Amino acid sequence: MPLCENEGFLVVNKPAGVSMATSSRAGNSGSDAVERLMEAAEPGRSPAGLWLVHRLDLGTSGAVVLAKSDEAHRALSLAFQERRVDKTYRALVWGQPVPAHGAYDDPLGRDLKDGRKMSVRADGKPSLTRYATQKRFKGIADLQLSPETGRTHQIRVHLAAHGHPIVGDDLYAGATRWHGVRDPERRRVLSQIRRPLLHAATLRVPELGLDVAAPLPEDFEAALATLARS
């Protein structure tokens, strides 16, 4: 079932591992991305008549809105461009951010040594990510994050730059820290995570009647349960 639907838009809960990337290559257009998303999130439903408005990274799960008309596409796209979309994410990160609530405003740009990555750069674009610690575990924190700008990999880069890469994030040094975990059950669960534990939890555009929350996926819930027991 979709998270929300009306005559103008459809909101689905994207599973991790679904590519929403687009390019000029054959088979990688916006309509192809919509088809991949619908096959994974709403199997059996036709992707016809749905327009891509925004994207999530390959490993990120959570709420994605699709437009159902030209008018809705214009309205939603403008809301994203003008930063009138309230978004919150959940992430499990290594370490404990200090202070427990705050913001990262490092400018971001393409990494000069690795084109797949973004990095903090003095000549980068202004970027702002607010964070709030929801719960502290031994060596790991559960964060709520609110990006106020929409740079590529923004949340992942800001967290990694401040010493708190996302659990499972192989691109930004968060995938192998489980080697230092001594508790056998925690070690087992964390070693099996194959994607950044980053989830698009809520999406709100009040003036368009959009207000949805996406439940956490199984791998995120399993990690939380294990951390709570140990």
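Residues numbered from 1 in each chain as written. Predicted model: local features only at pLDDT ≥ 70, side-chain atom pairs only at ≥ 80, totals over all residues. Heavy atoms only, no water.

**Thoughts on the overall build of the protein**
Point 1. Helix and strand counts for the protein stand at five helices and twelve strands.
Point 2. Computed over its C-alpha atoms, the radius of gyration of the protein comes to 18 Å, within 12% of the 17 Å expected for a compact globule of 230 residues.
Point 3. On the principal axes, the C-alpha backbone points of the protein span a range of 50 × 40 × 35 Å.
Point 4. For the protein, with 230 residues in total, the buried portion stands at 46%.
Point 5. Contacts in the protein between residues far apart in sequence, at least 24 positions, make up 63% of those at least 6 positions apart. (Helix = DSSP H or I, 4+ residues; strand = E, 2+ residues; numbered from the N terminus. Rg over C-alpha atoms; globule rule 2.2 N^0.38 Å. Buried < 20%, exposed > 50% of the residue type's maximum accessible area, 1.4 Å probe, protein only. Contact = heavy atoms within 4.5 Å.)

**Overview of the side chain of Ser61**
Point 1. Among the structural elements, Ser61 can be located in strand 4 (residues 61-67).
Point 2. Classification of Ser61 as buried rests on a relative accessible area of 2%.
Point 3. A distance of 2.7 Å separates the side chain of Ser61 from the side chain of His199, its partner in a polar contact.
Point 4. Those residues in contact with Ser61, other than ones at most four positions away along the chain, are Lys14, Pro15, Ala16, Leu56, Arg195, Leu198, His199, Ala200 and Pro217. (Polar contact = N/O pair within 3.5 Å; in protein donor to acceptor, adjacent residues only side chain to side chain.)

**Considering the nonpolar core**
Point 1. In terms of nonpolar packing, the biggest core is built from 26 residues, with Leu66, Leu145 and Leu159 touching the most fellow members.
Point 2. Where this core is concerned, the elements lending two or more residues are strand 2 (9-14), helix 1 (30-41), strand 4, strand 5 (86-94), strand 10 (140-147), helix 3 (154-161) and strand 11 (198-205).
Point 3. Per-element tally for this core: the top contributor is helix 1, with five residues.
Point 4. Non-local contacts of Leu145, meaning those with residues more than four positions away in its chain, are made with Lys87, Thr88, Tyr89, Ala91, Thr129, Arg130, Tyr131, Ile155 and Leu159.
Point 5. Phe9, Ala72, Val85 and Ala214 belong to the second-largest nonpolar core, a separate cluster that totals 16 residues. (Core = buried A, V, L, I, M, F, W, Y, C linked by side-chain atoms within 4.5 Å.)

**Brief notes about helix 4 (residues 184-191)**
Point 1. All buried positions along helix 4 are accounted for by Arg186, Val189, Leu190 and Ser191.
Point 2. Its buried side turned inward, helix 4 meets strand 5, strand 10 and helix 5 (218-229).
Point 3. For helix 4, the N-terminal cap is Asp183; the gap from its side-chain oxygen to the backbone nitrogen of Glu185 is 3.3 Å.

**Here's the deal with unusual backbone geometry**
Point 1. At the junction of Val98 and Pro99, the peptide bond is cis and its omega measures out at 0° in the coordinates.
Point 2. Positive phi, close to 60°, is recorded for Arg83, a residue that is not glycine.
Point 3. Mapping Arg83 onto the fold places it in the loop between helix 2 (70-81) and strand 5.
Point 4. For Ala173, which is not glycine, the phi torsion reads 70° and is therefore positive.
Point 5. Within the secondary structure layout, Ala173 lies in the loop between helix 3 and helix 4.

**Quick notes on the packing of helix 4 against helix 5**
The description of two packed helices rests on the angle between their axes and on the distance between the axes.
Point 1. In contact at an axis separation of 9 Å, helix 4 and helix 5 are set at 165° when each is read in the N-to-C sense. As summarised for this structure, helix 4 and helix 5 are arranged roughly antiparallel, according to the angle between their axes. The two elements helix 4 and helix 5 cross, and the hand of that crossing is left-handed. Side by side, helix 4 and helix 5 meet where Glu185, Arg186 and Val189 of the first sit next to Ala222, Ala223, Thr226, Leu227 and Arg229 of the second. (Axes fitted to C-alpha atoms, helices over the stretch in contact; angles between N-to-C directions. Parallel < 35°, antiparallel > 145°, perpendicular 65-115°, else oblique. Left-handed = near helix turned anticlockwise from the far one by under 90°.)

**Some remarks on the pattern of salt bridges**
Point 1. Enumeration according to the criterion identifies 14 salt bridges in this entry.
Point 2. Taking the shortest distance from any N to any O, the salt bridge between Arg121 and Asp123 comes out at 2.8 Å.
Point 3. With a shortest N-O distance of 2.6 Å, Arg188 and Glu185 are connected by a salt bridge. Of this pair, Arg188 and Glu185 both sit in helix 4, three residues apart, which is roughly one turn of the helix.
Point 4. Its relative accessible area of 40% is what places Arg188 among the partly exposed residues.
Point 5. Taken together, the salt bridges that share partners define one network made up of Glu5, Arg45 and Lys68. (Salt bridge = Lys/Arg side-chain N within 4 Å of Asp/Glu carboxyl O.)

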